[in-house]
Amino acid sequence: MKFTKFAIPVAASALLLTGCGAEVESQGKGSGKSTVKRCGESVEYTVPKRAVAYEGGSADKLFSLGLADHVHGYVMPPANPPVSESPWAKDYAKVKMLSDDLLNKEIVVDAKSDFVVAGWNSGFSDQRGITPEILDKLGVQSFMHSESCYNYPGHPEKLTPFKGLYTDLERLGRIFQVEEKAEKVVAGLKKREAAVAEQAPKGKPVPVFLYDSGTDQPFTAGNQVPPNDIIKTAGGKNIFDGLEERWTQVNWEAVTQAEPEVIMIFDYGDQPAEKKIEFLRKSPHTKELPAVKKNNFFILDYNEGISSPRNIDGLEKFGKYMRAFEN
């Protein structure tokens, strides 16, 4: 969701890395260049100096790698909670907020950016005229969240959401030549993920419905976004994990038939969780659901649900909830 092709360097000194899907080749640290996958396409990068990040997930990935000095600014749409709530709030304070709207080409050009991080159809968009192909022609490098690449035209790449997160951090580490930092960050996140999985309730997984929004028809999570992995790793089962989609619209009949025991509320700035819960308590479609009658609601923060190092924060919180739920 046509790129300028870049030749892969073939110098004898090139080093091939394959960890977590981050297949890259490097011309050596002195060159400042590396060839890294952008979804399914190999692209040559130079170390960015004026990066622009779209949404908290993109910025948090960069900040978690200690790259604030390479970030010029960020674009934060209304759905994103205040950046002051981020673990990297001090880094956000060091860079510019470029817009509180959707990402567009004009913002990138005005910022004289040399690198943009966003997702396919969540930041980059054919309809809004900002795609990696368009930026390539402008001489601006770009990078996409791997979890958004499953249906990217021409160069798709399908990774489970958590694997996509780890792959992104490793690839960004390579692009910015902070590989050791990336390895440490990824190792720490994997260790925390494994700890939750180890403690997850055994037996038949508890059916969980993620409610994003929607009254006539609900908007929810398919199997291509982090909440699916959060739910599964913690011992639950996303009732729509059979959908090869990211965020998608379904119907209330399907929700009713699945009889979810837990409802995960996706909480974000312009649609607070309290109003969503109030709707679910009153709606004839949902008021008799087991989760609603038993008051089994779990609130997932926006930046814990989009691709971000904070996915593991959300996983730990939901893991704790599921262990209490079992008892």
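Residues numbered from 1 in each chain as written. Predicted model: local features only at pLDDT ≥ 70, side-chain atom pairs only at ≥ 80, totals over all residues. Heavy atoms only, no water.

**A closer look at helix α5 (residues 161-175)**
Short version of the rule: By definition, any uninterrupted DSSP run of H or I lasting at least four residues is a helix, any uninterrupted run of E lasting at least two residues is a strand, and each is numbered from the N terminus. In a helix, the anticipated span is given by 1.5 Å times the number of residues less one. For the exposure calls, accessible area comes from a 1.4 Å probe over protein chains only, and a residue counts as buried if that area is under 20% of its type's maximum, exposed if over 50%, partly exposed in between.
With 15 residues, α5 extends 21 Å from end C-alpha to end C-alpha; this agrees with the ideal 21 Å at 1.5 Å per step. Burial runs high along α5: 14 of the 15 residues are buried.

**Comments concerning the pattern of salt bridges**
How we decide: What makes a salt bridge here is a side-chain nitrogen of Lys or Arg within 4 Å of a carboxyl oxygen of Asp or Glu, nothing more.
Inspection of the entire model under this criterion finds 17 salt bridges. Across the pair Lys94 and Asp91 runs a salt bridge whose closest N-O atoms are separated by 3.8 Å. Of this pair, Lys94 and Asp91 both sit in helix α2 (residues 89-94), 3 residues apart, which is roughly one turn of the helix. Via salt bridges that share partners, Arg38, Glu41 and Asp136 belong to a single interconnected network.

**Here we look at unusual backbone geometry**
Despite not being glycine, Cys39 shows a phi value in the positive range, around 55°. The phi dihedral of Asn295 falls on the positive side, at around 60°, and the residue is not glycine. By the element assignment, Asn295 lies in the loop between α10 (290-293) and β16 (297-301). Under the relative-accessibility criterion, Asn295 is labelled partly exposed at 44%.

**Re the packing of helix α1 (residues 55-64) against α5**
The following threshold applies: Every axis corresponds to a line fitted to the C-alpha atoms, with the helix fit spanning only the stretch in contact, and the corresponding angles, defined between N-to-C directions, vary from 0 to 180 degrees. Relative orientations are named as follows: roughly parallel for angles under 35 degrees, roughly antiparallel for angles over 145 degrees, roughly perpendicular for angles from 65 to 115 degrees, and oblique for any other angle. We call a crossing left-handed when the near helix sits turned anticlockwise from the far one by less than a right angle, and right-handed when that turn is clockwise. Any two residues having at least one pair of non-hydrogen atoms within 4.5 Å are treated as being in contact. Three categories are distinguished: nonpolar for Ala, Val, Leu, Ile, Met, Phe, Trp, Tyr, Cys and Pro, charged for Asp, Glu, Lys and Arg, and polar for the others, with Gly belonging to the last.
Taken N-terminus to C-terminus, the directions of α1 and α5 make an angle of 55°; their axes are 10 Å apart at the nearest point. The angle between α1 and α5 falls in the class oblique. For α1 against α5, the interelement crossing comes out right-handed. Taken together, the residues of α5 that come into contact with α1 (itself represented by Lys61, Leu62 and Ser64) are Leu165, Asp168, Leu169 and Leu172. Class assignment for the residues of the contact of α1 with α5 results in 4 nonpolar, 1 polar and 2 charged.

**Here we look at the pairing of strand β5 (residues 51-54)**
The cut-off we apply is this: In this description, strands pair whenever DSSP reports at least two bridges between them. If the strands point away from the viewer and the path from the first strand over the helix to the second runs clockwise, then the crossover is right-handed.
Along β5, one buried face is formed by Ala51 and Ala53 and the opposite face, lined by Val52 and Tyr54, is buried too. Direction of pairing for β5 relative to strand β6 (residues 71-75): parallel, over a ladder of 4 bridges. Its bridge partner being in β6, Tyr54 is matched across the sheet by Val75. Taking the sense of rotation as the criterion, the β-α-β connection linking β5, α1 and β6 turns out right-handed. Here β5 runs beside strand β8 (residues 115-120); their pairing, made up of 3 bridges, is parallel. Across the sheet, the residue bridging to Ala51 is Phe115, located in β8.

**Some points on the confidence of the model for the protein**
As a reminder of what qualifies: Known as pLDDT, the predictor's per-residue confidence is scaled from 0 to 100.
Chain-level statistics for the protein give a pLDDT mean of 90 and a share of 90% at 70 or above. Within the model, the stretch residues 1-28 combines pLDDT values under 50 with 73 contacts to residues more than four positions away or in other chains.

**Re the state of the cysteines**
Counted only if it meets this: To count as a disulfide, a pair of cysteine sulfur atoms needs to be within 2.5 Å.
All told, the structure shown has 1 disulfide when counted by the stated rule. Covalently, Cys39 is tied to Cys149 through a disulfide, its sulfur atoms 1.9 Å apart. The sign of the S-S torsion, about -70°, decides the handedness of the disulfide formed by Cys39 and Cys149: left-handed. Residue Cys39 is located in the loop between β3 (33-38) and β4 (41-46), and its partner Cys149 is located in the loop between β10 (141-144) and α5; the two are separated by 110 residues in the primary sequence.

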